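Take a look at the letters that make up each chain.
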Amino acid sequence: MRNVYADNNATTRVAPEVVEEMLPYFSELYGNPSSMHYFGGQVEKKVIEARGKVASLLNCDPSEIVFTSCGTESDSTAIRGTLDSYPYKKHIVTTRVEHPAVLNLCRHLAKNGHKLTELSVDKKGNLDLDELKKTIDDNTAIVSIMYANNETGVIFPIEKIGKIVKSKGAVFHCDAVQATGKIPLDMSKSTIDLLSLSGHKLHAPKGIGALYIRKGTKLTPLILGGHQEKGRRAGTENVPYIIGLGKASELVLNHMEDENTRVKTLRDRLEDELLKSCSNRQVNGDRKYRLPNTTNISFEYVEGEAILLMLSEKGIAASSGSACTSGSLEPSHVLRAMGIPFTFVHGSLRLSLSRYNTDEDIDYIIEHLPPIIKRLREISPFGKG
Ligand code: PLP
């Protein structure tokens, strides 16, 4: 049986080059980068190098990069840190389709004295920019909008959004955890003030992230303590992982073209074949403005979890927008926000590829998925077999 990993929006394989680069920093090179002696100095040099590589990926200054433990911490630092910096502004704007790292935090803050606006999306997952314009006022501290959606891959018009946000004087935070590494990002031409990224979505390990903080942006640290990261994120640096993120960022720059050509071609072939060979199905999300690696397809009258289990038996790893995969019994909040009918929401399947996927992987999914859908429909209580 073949193993096909098609769940790269959940997490990615750590690139072998990344592992190799990290290994010495667990064994012989274990100094603390803050130490005065040569042992710390040689490690500090590598941390500086890694910061430079992450900065190159975003085309920003290395001093604008702060290492964190994950995308969630970067999001929390951006949002809580901005609110702490502007205590007289109580309004937060976000969207109904954000990742829980943003949405659950904002909803928590709304229960504790803040005012929250959650922007809606249309059936393709796109935002109404007039609604955004109308909602920002003098009381708005921060607008937090994701670059690309983790479930559908839909890309928001971030620079148009940023122009609106900046013209109204609010801070613009962008959760770019899914976009980083898949599409080019250039902070030198951007309106983004704060940008979150996460290592494990771009072939670095889990447990390392970064926050881009544009020079001059006021931000109170989330974690206070020592002087690390120029006082912006206390705690002894996770040296091997920082070095891993640096290497992964360097590799991403080399692989960006592959992601946007070969990987996109694989995704498009997979999607087209599945649409051809299955009835009562639809692609969720705008097919034009989308990450090159992601497809989210709903099959009516089947359960996403049942598809996942049967795919797993064939060695195929994918993800469902609904219920158990997210650890909750609720169907996908993203698909519901898009107004997708319940019969489709429950049968949603996300396939997300990476540079490690091959033509043979796609052939294998195309061979096994349609018979699974057919079989599930035959036993469906809705009688649509
Ligand atoms: N934001 C988005 C859009 C994500 O997809 C994820 C993870 O899936 C996160 C934030 C959280 O990142 P992390 O797992 O590094 O905390």
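The preceding data block contains the structure.
The shown structure was predicted, so the numbers you read here are calculated from the model rather than taken from an experiment. (Residues numbered from 1 in each chain as written. Predicted model: local features only at pLDDT ≥ 70, side-chain atom pairs only at ≥ 80, totals over all residues. Heavy atoms only, no water.)

## So, the site of the ligand
The ligand sits among 13 residues. The nearest are G71, T72, D175, S198 and K201. The contact in question runs from an oxygen atom of the ligand to an N or O atom on the side chain of K201, over 2.6 Å. Element by element, the count of residues in the shell around the ligand is highest for helix α3 (residues 71-85), at 3 residues. Looking at the shell around the ligand, its residues break down into 3 nonpolar, 7 polar and 3 charged. (Near = heavy atom within 4 Å. Polar contact = N/O pair within 3.5 Å; in protein donor to acceptor, adjacent residues only side chain to side chain. Helix = DSSP H or I, 4+ residues; strand = E, 2+ residues; numbered from the N terminus. Nonpolar A, V, L, I, M, F, W, Y, C, P; charged D, E, K, R; others polar.)

## Remarks on helix α7 (residues 239-277)
Look at α7: only 49 Å from first C-alpha to last across 39 residues, short of the 57 Å you get at 1.5 Å a residue. At H255, α7 shows its maximal kink, close to 50 degrees. (Expected span 1.5 Å × (residues − 1). Bend = angle between axes of the 7 residues up to and from the residue.)

## A look at the pairing of strand β2 (residues 65-68)
With burial as the criterion, each face of β2 is covered, one bearing I65 and F67 and the other bearing V66 and T68. Where β2 meets strand β8 (residues 209-213), 4 bridges bridge the pair, whose relative direction is antiparallel. In the sheet register, T68 faces β8, and the bridge partner there is G209. (Buried < 20%, exposed > 50% of the residue type's maximum accessible area, 1.4 Å probe, protein only. Pairing = 2+ DSSP bridges.)

## Thoughts on the sheet that holds strand β9 (residues 281-283)
Taken in spatial order, the 3 strands make up an open sheet running β9-β10-β12, and their pairing is antiparallel. Looking at strand neighbours, the two that pair on one side only are β9 and β12 (348-352), the edges of this open sheet. Sheet twist, expressed as the average angle between the axes of neighbouring strands with direction ignored, equals 25 degrees. Two elements, strand β10 (residues 294-299) and β12, share 5 bridges in a ladder whose sense is antiparallel. (Axes fitted to C-alpha atoms, helices over the stretch in contact; angles between N-to-C directions.)

## Comments concerning the environment of T343
Structurally, T343 is set in helix α10 (residues 342-345). Taking the C-alpha atoms as reference points, T343 and I297, 46 residues apart in sequence, are found 13 Å from one another. In this view, T343 contacts F299, E300 and Y301; residues no more than four positions away in its chain are not counted. One polar contact links T343 to E300, side chain to side chain, over a distance of 3.0 Å. (Contact = heavy atoms within 4.5 Å.)

## Some remarks on the pattern of salt bridges
Evaluated as defined, the whole model comprises 24 salt bridges. In this structure, D361 engages R2 in a salt bridge whose closest nitrogen and oxygen atoms are separated by 2.9 Å. Taken as a pair, D361 in helix α11 (residues 359-378) and R2 in the segment before β1 (4-5) lie far apart in primary sequence, 359 residues in all. Given a relative accessible area of 6%, D361 falls into the buried group. Under the relative-accessibility criterion, R2 is labelled partly exposed at 34%. Of the charged contacts in the structure, one is a salt bridge between R290 and E271, with a shortest N-O distance of 2.7 Å. (Salt bridge = Lys/Arg side-chain N within 4 Å of Asp/Glu carboxyl O.)

## Details of the packing of helix α2 (residues 38-58) against α7
Their axes nearest at 8 Å, the elements α2 and α7 cross at an angle of 35 degrees. By crossing handedness, the relation of α2 to α7 is classed as left-handed. Between α2 and α7, the contacting residues are V43, K46, V47, A50, K53, V54, S56 and L57 on the first element and V239, I242, I243, L245, G246, K247, S249, E250, V252 and L253 on the second. (Left-handed = near helix turned anticlockwise from the far one by under 90°.)

## Topic: unusual backbone geometry
A positive phi is found at K230, a non-glycine position, where the angle reads about 55 degrees. Looking at the secondary structure, you find K230 in the loop between β8 and α7. Overall, the relative accessible area of 68% leaves K230 in the exposed class. One non-glycine residue, N280, lies in the positive phi region at around 45 degrees. Since its relative accessible area comes to 38%, N280 is described here as partly exposed.

## Quick word on the pairing of β8
Counting buried positions over the 5 residues of β8 gives 5, a clear majority of the element. Of the two faces of β8, the one lined by G209, L211 and I213 and the one lined by A210 and Y212 are each fully buried. Of the pairings in the sheet, the one linking strand β7 (residues 194-198) to β8 comprises 5 bridges and is antiparallel in character. Note on β8: the bridge partner recorded for L195 is Y212.

## Quick look at the side chain of N126
Looking at the element boundaries, N126 is found in the loop between β4 (115-119) and α5 (129-135). Polar contacts involving the side chain of N126 include one to the side chain of D286, which spans 2.8 Å. Excluding residues within four positions of it along the chain, N126 makes contact with S120, V121, V154, F156 and D286.

## Some details on a nonpolar patch on the surface
A cluster of nonpolar side chains, V19, L23 and F26, forms an exposed patch at the surface whose accessible area comes to about 270 Å². Its location among the elements puts V19 in helix α1 (residues 16-22). According to the relative accessible area criterion, V19 is partly exposed, its value standing at 34%. (Patch = residues over 30% accessible without salt bridge, like charges linked within 9 Å, V, L, I, M, F, W, Y side chains within 5 Å. Areas by Shrake-Rupley, 256 points an atom, 1.4 Å probe, with all protein chains shown as cover.)

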